Amino acid sequence: MSITTEMRSTATMTELTKTLELKLVDPTVHKRQKLRETRNAYQKALQTAFAAGCDTQSAANDIVVEYDLSGYAKNALKQYVPQLHTSYYADELHDDHPVRFTNEGLQLDHQPQNAIEWYVKIPHHEDYHLWIPARANPEQRDWLEALYADDAEMGESRLFKRDGTWYLHVTATRNVADESAASADKRTPIGVDVGEASLVTVCHRDGSGSPVRPKLWADDGKAVRRLRKTYFTATRRLQKRGSERIAESYGDALWDQIDDVFHRVTREVVEYAESVEDPVLVLENLTYIRENMDYGEYMNRRLHGWGFAKLHAQIRYKAAEKGIPVETVTPRNTSKACHACGEHGYRPRQATFRCSNDDCWLGEYQADVNGAINIADRYRSGESHRR
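The structure reproduced in this document is the subject of the present report. (Residues numbered from 1 in each chain as written. Predicted model: local features only at pLDDT ≥ 70, side-chain atom pairs only at ≥ 80, totals over all residues. Heavy atoms only, no water.)

With that settled, consider the pattern of salt bridges. Using the criterion set out here, one finds eleven salt bridges in the structure. Taking the shortest distance from any N to any O, the salt bridge between E37 and K34 comes out at 3.5 Å. In this pair, E37 and K34 are both assigned in helix α2 (residues 29-51), three residues apart and thus about one turn of the helix distant. Given a relative accessible area of 30%, E37 falls into the partly exposed group. Note on K34: relative accessible area 18%, which makes it buried. Taking the shortest distance from any N to any O, the salt bridge between R141 and E117 comes out at 3.0 Å. Taken together, the positions of R141 in helix α5 (residues 141-148) and E117 in the loop between β3 (107-110) and β4 (118-125) put the pair 24 residues apart, joining distant regions of the chain. Taken together, the shared-partner salt bridges connect E117, R141 and E145 into one network. (Salt bridge = Lys/Arg side-chain N within 4 Å of Asp/Glu carboxyl O. Helix = DSSP H or I, 4+ residues; strand = E, 2+ residues; numbered from the N terminus. Buried < 20%, exposed > 50% of the residue type's maximum accessible area, 1.4 Å probe, protein only.)

On to the nonpolar core, then. One recurring pattern in soluble globular proteins is that nonpolar side chains are buried together. Counting 41 residues, the largest nonpolar core has L24, I122 and L159 as the members making the most contacts within it. The element best represented in this core is α2, accounting for seven residues. Setting aside chain neighbours within four positions, we find L24 in contact with L35, V120, I122, I132, P133, A134, L159, T165, W166 and L168. Core analysis: the next-biggest nonpolar cluster, separate from the first, contains 27 residues, V202, F262, L281 and I324 among them. (Core = buried A, V, L, I, M, F, W, Y, C linked by side-chain atoms within 4.5 Å. Contact = heavy atoms within 4.5 Å.)

In this section: the sheet that holds strand β13 (residues 345-349). If you trace the three strands from one edge of the open sheet to the other, you get β13-β14-β15, paired in antiparallel fashion. One side of each edge strand has no neighbouring strand; the edge strands of this open sheet are β13 and β15 (364-366). For this sheet, the mean inter-axis angle between neighbouring strands, taken without regard to orientation, is 35 degrees. Set on the sheet, helix α11 (residues 367-380) makes contact with β13, β14 (352-355) and β15; between it and β15 the angle comes to about 80 degrees. (Pairing = 2+ DSSP bridges. Axes fitted to C-alpha atoms, helices over the stretch in contact; angles between N-to-C directions.)

Further remarks concern the pairing of β14. Put simply, side chains in a regular strand alternate between the two faces of the sheet. As paired elements, β13 and β14 share three bridges and run antiparallel to each other. By the bridge assignment for β14, R349 is matched with T352. In this antiparallel pair of consecutive strands, β13 and β14, the connection spans two residues. When β14 meets β15, the two strands line up antiparallel, connected through three bridges. Along β15, the bridge assignment pairs T352 with Q366.

With that settled, the discussion passes to α11. Quick reminder: α-helices carry 3.6 residues per turn. Residues three or four places apart thus point the same way. The terminal C-alpha atoms of α11, which comprises 14 residues, lie 20 Å apart, in line with the 20 Å expected from a rise of 1.5 Å per residue. Of all 14 residues that make up α11, eleven are buried, and the element is covered over most of its length. Put simply, Q366 is the residue that caps the front of α11, since its side-chain oxygen is 2.7 Å from the backbone nitrogen of D368. Residue G382 follows α11 closely and has a positive phi angle near 110 degrees. (Expected span 1.5 Å × (residues − 1). Polar contact = N/O pair within 3.5 Å; in protein donor to acceptor, adjacent residues only side chain to side chain.)

Right, let's get into the pairing of strand β12 (residues 326-329). Burial along β12 is two-sided: V326 and T328 and E327 and V329, pointing in opposite directions, are all buried. In terms of strand pairing, strand β11 (residues 279-284) meets β12 through four bridges, oriented parallel. Note that in β12 the partner of E284 across the bridge is V329.

Here the structure, examined in full by the defined rule, presents two aromatic pairs. Considering the side-chain rings of W118 and Y148, the 6.0 Å spacing of their centres and the 85 degrees angle between planes classify their relative orientation as edge-to-face. Within this pair, whereas W118 is found in strand β4, its partner Y148 is found in helix α5, the two being separated by 30 residues in sequence. When the ring of F160 is compared with that of Y167, the centres are 5.7 Å apart and the planes differ by 20 degrees; the resulting orientation is stacked. On the basis of relative accessible area, F160 is assigned to the buried category, the value being 12%. When the ring centre of Y128 is taken as reference, the NZ or CZ atom of K34 above it lies at 5.8 Å. (Phe/Tyr/Trp six-rings, centres within 6.5 Å; stacked < 30°, edge-to-face > 60°. Lys NZ or Arg CZ within 6 Å of the ring centre and 35° of its normal.)

Structure (structure tokens):
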């Protein structure tokens, strides 16, 4: 007993949270139908509650209670919808949000003697559940076993479909021996600048404070602009001809292409972060972006329709899956200030920032990279808002 006590007193433990990945294996036709029903009901409830402006759990409850969902999904919706109003505008809430369940919703069963060891019980509606075999990420086996043995605490879970396959992401929290977990002040902030010219730009500073390894997704920005222009031009012509159904189908196909670009780019952003030691991804607070956006009627219409919120949402959940923290900062003047001296400058061209301080060594710099560095520096200065 004394030895055990001594070991506990000298060990340093840290509470870690990780998202565990489970791939559902060959659900029957009946179970696939039930999964679709759950997803469809959830999406309708989410869209309706959001469109109604529900900014409290009580208001959201009045709407979601009418839908054919389990109490675990309804409770998750009541918590989730009020949060969305800080990130989304009504015309931007996309329709591929995963189905969320509160921590009591999911159950695990482990059958190590079987070819497929893991089974999950997924809520369908109040008194109906689906047991489905699942394959786990082998690198997360110890976490899953800890969860099954009640040595880890289950958090929210998310059900979604991608490329024809159903997946579950389950949040788990446990105490582990503290090895080299970085404190917030020791993390490497990576500024993430979302824009129209370069779809996303990332950059961070090295140990000496020099900006290093900037990465721009400028070609993807061009591709999305082209697809958006094609969408608005073609659908307008088809609508004038009275071909509403063709216009809708054609528009859906183009938006699917845009969404594919978004998913690939945000995945690459998270991969960039994984290559940096002790990273934290730093995004701009979308509320302030909207309030400060005034470039005239034409540009406002283009930029307000831009996928800021969707890109941010995808970065956030993909980073969470990899255990990478995400913070937000106020974007005020991040595109106007010089990252070298802090003086305001201007853009003689879309992709060029010019410092107005004659004594600054910088002169001209790539505008989006300058913005990304300023975003990272704002976190480093101590300003951040956890999302």
